[in-house]
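Examining the three-dimensional arrangement
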Amino acid sequence: QVQLVESGGGLVQAGDSLRLSCVASGRNFNQNTIAWFRQAPGKEREFVIAITPSDLTRYTDSIKGRFTISRDNAKNTVYLQMNSLKPDDSAIYYCAARPTGAGYRVTDFNVWGQGTQVTVSS
């Protein structure tokens, strides 16, 4: 299975952009669905966006039109481009992978990165 490392988080102002990266090591990266989740203090971890091996994407409504996901299988990397950031987007962002199955709940993903902090000031 793959291992995941996120990077690219930071402190930005409302309206700014950030690009997060999720770099995978291990076998068969291109056969995994990769998702981004986020967790704000005191809240449950929530699904944000995902990309399948065939480049189909799925996302939560709150980020529609602002966030996009892409993958570069040659670099074993998935990117999360975040535009028009809002203070409500502040959270730890986690990259997750699943080689099989369906669903976009936390329990549907069996490999997780350590997370990267995103803070958006107003």
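All of the points below concern the structure found in this document. A quick note: this is a predicted structure, and the numbers were derived from the prediction, not measured. (Residues numbered from 1 in each chain as written. Predicted model: local features only at pLDDT ≥ 70, side-chain atom pairs only at ≥ 80, totals over all residues. Heavy atoms only, no water.)

**Comments concerning the pairing of strand β5 (residues 46-51)**
Counting buried residues along β5, five of its six residues qualify, which places the element largely inside the surrounding structure. Pairing of strand β4 (residues 33-39) with β5 involves five bridges; the strand directions are antiparallel. The partner of isoleucine 34 across the bridge, within β5, is isoleucine 51. Hairpin remark: β4 followed by β5, antiparallel, with six residues in the connecting loop; positive phi at glycine 42, about 80°. Sheet analysis places β5 next to strand β6 (residues 57-59), joined by three bridges and oriented antiparallel. (Buried < 20%, exposed > 50% of the residue type's maximum accessible area, 1.4 Å probe, protein only. Helix = DSSP H or I, 4+ residues; strand = E, 2+ residues; numbered from the N terminus. Pairing = 2+ DSSP bridges.)

**Some details on the pattern of salt bridges**
One pass over the full model with this rule turns up four salt bridges. Between aspartate 89 and arginine 38 there is a salt bridge, with its nearest N and O atoms 3.0 Å apart. Pair noted here: aspartate 89 is in the loop between β8 (77-82) and β9 (91-98) and arginine 38 is in strand β4, with a separation of 51 residues, a long-range link. You can call arginine 38 buried: its relative accessible area is 6%. (Salt bridge = Lys/Arg side-chain N within 4 Å of Asp/Glu carboxyl O.)

What is shown is where atoms sit, not what they do.
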